[in-house]
Structures are given as C-alpha cells and as structure tokens.
Amino acid sequence: MALQATSFSVHNLVNLPGKTTATLKDSTLFGVSLSDHLKVDFSSSASKKQEFTRRKVFKTQAIATTDTPAVTRAAPEPKKTLRKGTVIITGASSGLGLATTKALAETGKWHVIMACRDFLKAERAAKSTGISKDNYTVMHLDLASFDSVRQFVANFKQSGRPLDVLVCNAAVYQPTAREPTFTADGIELSVGTNHLGHFLLSRLLLDDMKKSDYPSKRLIIVGSITGNTNTLAGNVPPKANLGDTRGLAGGLNGLNSSTMIDGGKFDGAKAYKDSKICNMLTMQEFHRRYHEETGITFASLYPGCIATTGLFREHIPLFRLLFPPFQKFITKGYVSEDESGKRLAQVVNDPSLTKSGVYWSWNKDSASFENQLSKEASDVSKARKVWEISEKLVGLV
Ligand code: LMG
Ligand code: NDP
Ligand code: PMR
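All values derive from a computational prediction rather than experimental measurement.

Undergrad: Hey, could you go over the pattern of salt bridges for me, with residue numbers and the actual values?
TA: Tallied over the entire structure, the rule returns 16 salt bridges. The salt bridge partner of K102 is E106, with a shortest N-O separation of 3.5 Å. Given a relative accessible area of 22%, K102 falls into the partly exposed group. Close ionic contact of E293 with K210 constitutes a salt bridge, the shortest N to O distance being 3.0 Å. With E293 in helix 9 (residues 268–294) and K210 in helix 7 (residues 189–211), the pair connects residues that are 83 residues apart, well separated along the chain.

Put into structure tokens, the structure is as follows:
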C-alpha cells in the first residue's frame, strides 16, 4: 500500500496543493513544504508584542497621572506589564509536552499547568528540565476517565488562575495490541483518551478561556501527518478512516458496538490515526462554532516526526531501534524533542501565529506554514457529526 502511494500524482501525495512540480525527493513528501512564503517574521512579531505592552503601560500611566501637574522631565522607560500567561498542557510528563513546557517556562512569560496522569513522573520530568518552580504546577488529569477530567477542571477553576491557552497534547498509541482496552467509561482507549477526554476537557474550559483578558487566547489540539491520507506517511497501512462513524455512535464499547469508529475490527494503529483525524476535525469545528464569538484562536499542528518519544513505547524493540534512523536518514522527517517543543511553543505564543482554524507544519528550515489537511480530515459534515456524537458520549447533552 505504501508503494501504491508512490503511483499517486505528487499533487495527492504532498500536503500542499499547487506544488505539482515537486519531485518525490521534494521535502513536501514528508508533510513539509519548501514554500517559505509563510515564514515566521520574528522581528516583526517581537515589535508587535512590545507595542502591545507599551499601549498597556501608557494606559495605566495615564490613569495614574491625572492629578499630577505636567512635568517636563523625561518619562520613565515603559515597563513590560503584560502578566504571565497561564497555559495548560496535557501529557506534559514526556516527549512533546515536556519539551513545550520547558520552552515556555524558560521564557519566564508563562506559568505551565502540567496536566498529567502520573504526578510523580511529571514532577521528576519537570525537575529534569531545570525549569524554575515558579513557572510550573503539576495537576492530576487522567484523560481516560471523564470523572477525572471533570475533577481536574473543578480543581483548576478553584485555583483562581486565569486560563489563556489550552494545549491538548497527550496521547496513547497501541500498535501491537491484539485486543482493545478501555477507558474508565468503557470506551476504546485510544479514541477515548486522545479524542474524547480532550473533547470534554476543552468544552469545559472554553468559558475560562473566553473570560481571559490575555491578548491572544488559544486552544491547540495536536494532530498528525499519519491521520492525513494526502501524504505518503498517511498511506502506510493501516490507513485512518472514520467511515460513516457508526462505531463512534455506538460508543466504541465492544459490546453492542464495534471498538473502531468506522465499525470495523479492532486495530490499535488505526484507532490512533482515527483519533488524530478526530483531533483535527474538532479543532476546525471549534473554529466554526466559537472563533467569531470568543476571539479564541483554534489551531492544530504536525510537529514533525519525533521518533524518540514515549509514544512508541508499546512498539516492538526492533521498530524502536530502526524508526529514528529511518526517519533521520531516509524520510528526513525526523525532528528532535527540543525542536518539536519550540514548534509547539510557537503555536502557543508567537504573535504571528494567531490565525484560527489552521493546521501548522514546518519546512526543512523549521519555518512554519499553513498546511493542507486531507479530504476526510477537513470534511465539514463529518466534523459536525463527530462533534455531535462526542457531546453525547462525554455526557454534555
Ligand atoms: C503496521 O505495519 C503493523 O501491522 C501494525 O501493527 C502497526 O504497527 C502499524 O503503523 C503502525 O504498522 C505496517 C508496515 C507497512 O510497516 C512496517 O513496519 C513495514 C516495514 C517494512 C520495512 C521495509 C524496509 C524499508 C527499508 C528501510 C530500511 C530502514 C528500516 C526502517 C524500518 C522502520 C519501519 C518504519 O505496511 C506495509 O504493508 C507496507 C509494506 C511495504 C513497505 C515498503 C516500504 C517502502 C519504503 C520506500 C518508500 C519510498 C519512499 C521513501 C523515500 C525514499 C527516498 C529514497
Ligand atoms: P509521549 O508518549 O512522549 O507523550 C504522551 C503524553 O501523554 C505522556 O505524557 C503521557 O503520560 C500522556 N498521557 C497518555 N495517556 C494519558 C492519560 N490517560 N491522561 C493523561 N495523560 C496521558 O508521546 P509524544 O510526545 O510523541 O506525543 C505527544 C503528542 O504528539 C501526541 O498527541 C501525539 O499524537 C503527537 N504526535 C507525535 C508524533 C511523534 O512522532 N512522536 C508525531 C505527530 C504527532 P505518561 O508520561 O504518564 O505516560
Ligand atoms: Mg511513518 C515519507 C515520510 C514519512 C513520514 C514523515 C512519516 C512519519 N512516516 C513516513 C514514511 C513511512 N513510514 C514509510 C515509507 C513507512 C513504511 C516503511 C513507514 C512506516 C511507519 C510505521 C510502521 N511509520 C510509522 C509507523 C508507526 O508505527 C508510526 C505511526 O504510524 O504511529 C501512528 C509511524 C509514523 N510515521 C511518521 C510519524 C510521524 C509516525 C508516528 C507518529 C504519529 O503520527 O503520531
């Protein structure tokens, strides 16, 4: 099947339409593009941020000085008054989530809520990065339990912190499982954790983000190239496919319904890829329903192939040995944990990445660009269907 993919037109293989002149060696093959017209302009971003900060400072000064007679001495240097942002990152105890926590905490501009299922592991992981205690808090969250998600939200609200950015990053991948396993609520584990747990979490926290006075509020849901069948990587079997979503509608419980969204036989690798389609569809549905009303930026991304993370912990040892060199030297899709963390951190706080409804990717020079999702991962009616079924499954309606 993977080889079949090479007989597609390049237009179908790559993630970027219009690049029909690309060759198979072109980096677009790997879900990245040579196009650099959307390169991040860091210099202008930085000055925009300063501009915002200054405006705030001047406003404060204007209020403070109304009773003061005019003086001729030079005004003091405006101080940066933009408060520290609060970002929740799920699955921050390893891989991409941990690297993003580090990248954001190190700026001193963010307080990261590390939302993790294993408290001790998360604390140790945070310590290992050397970030200051002032810049992070570990809070318990098990996405494989709706009760835990609700409890986490209640705890967060009680903390009194504002919420500026939410990053739905955690995931499980079970490529070698022969039989399905289930969440506390009896739902197939991959879709239950990666999609439904995050769906409930983001719905319950939307109001908090709405209330935030931070200049750019964002909800980010991590997607992936392997859920996009308009790429070579997305054509490695088993391919993602939600079908008519009959399994999801049945609750993925393996009793009176299939454990797979499309109603088929359980396949752990496919369930993961299906869950990533749900993540990308959910981001777009959020955008359609809430962007205009709330001003929140909704985004997804493919951070690159971070071949060394815990995501592959259940894969066979030979795979874990060969996968990193395969991605480094053959597909050239490899990215280090550090680099992937910087990419996701950009989606969190770069002032130039405020466009909503976008699936970000990075090219060879690590410049971000707006990528094209596959037909299924951008299907409007499927997005609505998945949203409506998910609301029922998580108990929101
Ligand atoms: C499924 O297997 C499992 O069944 C499932 O349980 C789950 O794990 C799932 O996605 C996860 O995978 C799918 C199978 C591909 O994947 C494989 O593991 C096949 C590995 C075959 C290795 C072929 C050797 C290639 C030589 C590379 C040497 C480096 C070693 C790297 C190995 C790491 C593995 C990633 O499914 C298939 O059925 C496809 C079988 C055909 C494989 C053809 C591979 C061709 C590769 C060349 C493509 C050309 C484009 C690459 C760019 C090259 C540029 C020069
Ligand atoms: P890791 O396994 O390193 O990180 C996954 C994180 O999710 C871990 O912190 C894990 O916790 C957490 N997690 C798993 N289950 C739950 C749960 N029930 N409740 C709370 N947290 C949970 O993998 P990656 O860093 O690679 O994956 C991060 C994201 O990046 C995922 O969304 C993945 O789909 C995506 N991605 C990864 C790519 C890659 O190449 N690695 C490529 C494209 C996308 P614990 O530490 O306790 O196990
Ligand atoms: Mg894949 C052509 C480029 C490319 C890229 C960017 C990835 C990313 N992969 C590519 C190609 C191939 N992969 C080819 C040609 C093969 C057949 C040899 C191949 C195989 C393969 C396997 C078996 N790849 C995999 C697996 C996994 O188990 C990983 C997976 O599907 O996890 C769901 C995986 C991945 N390849 C990627 C990326 C990013 C992954 C893993 C993570 C993810 O999408 O979240």
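Once you've had a look at it, read on.
Undergrad: I'd like a description of the side chain of S148, backed by residues and values.
TA: Among the secondary structure elements, S148 is positioned in helix 6 (residues 146–159). Excluding its chain neighbours within four sequence positions, the residues that come into contact with S148 are H140, L141 and D142.

Undergrad: An account of unusual backbone geometry is requested, with residue identities and associated values reported.
TA: Following P237, the chain continues to P238 via a peptide bond in cis, the omega torsion being -5°. Although it is not a glycine, K332 adopts a positive phi angle of roughly 60°. Relative to the elements of secondary structure, K332 occurs in the loop between helix 10 (317–331) and helix 11 (337–349). Of note in the backbone geometry, S366 takes a positive phi value of approximately 60° without being a glycine.

Undergrad: Give a description of the site of ligand 2 that names residues and reports values.
TA: Looking at ligand 2, there are 32 residues lining it, with S93, S94, N169, Y272 and T309 nearest. Contacts to ligand 2 include R117, whose side-chain N or O atom sits 2.8 Å from an oxygen atom. Residue A171 places a main-chain N or O atom 3.3 Å away from an oxygen atom belonging to ligand 2. Here ligand 2, which alone exposes 890 Å², has 98% of that area covered by the protein. When residues of the shell around ligand 2 are traced back to their parent elements, those giving at least two are helix 4 (95–105) and helix 9. Here the shell around ligand 2 is built from residues that sort into 15 nonpolar, eleven polar and six charged.

The rules behind the values
- Residues numbered from 1 in each chain as written.
- Chains lettered and ligands numbered in written order.
- Predicted model: local features only at pLDDT ≥ 70, side-chain atom pairs only at ≥ 80, totals over all residues.
- Heavy atoms only, no water.
- Salt bridge = Lys/Arg side-chain N within 4 Å of Asp/Glu carboxyl O.
- Buried < 20%, exposed > 50% of the residue type's maximum accessible area, 1.4 Å probe, protein only.
- Helix = DSSP H or I, 4+ residues; strand = E, 2+ residues; numbered from the N terminus.
- Contact = heavy atoms within 4.5 Å.
- Near = heavy atom within 4 Å.
- Polar contact = N/O pair within 3.5 Å; in protein donor to acceptor, adjacent residues only side chain to side chain.
- Areas by Shrake-Rupley, 256 points an atom, 1.4 Å probe, with all protein chains shown as cover.
- Nonpolar A, V, L, I, M, F, W, Y, C, P; charged D, E, K, R; others polar.

Just geometry here; none of it tells us what the structure is for.
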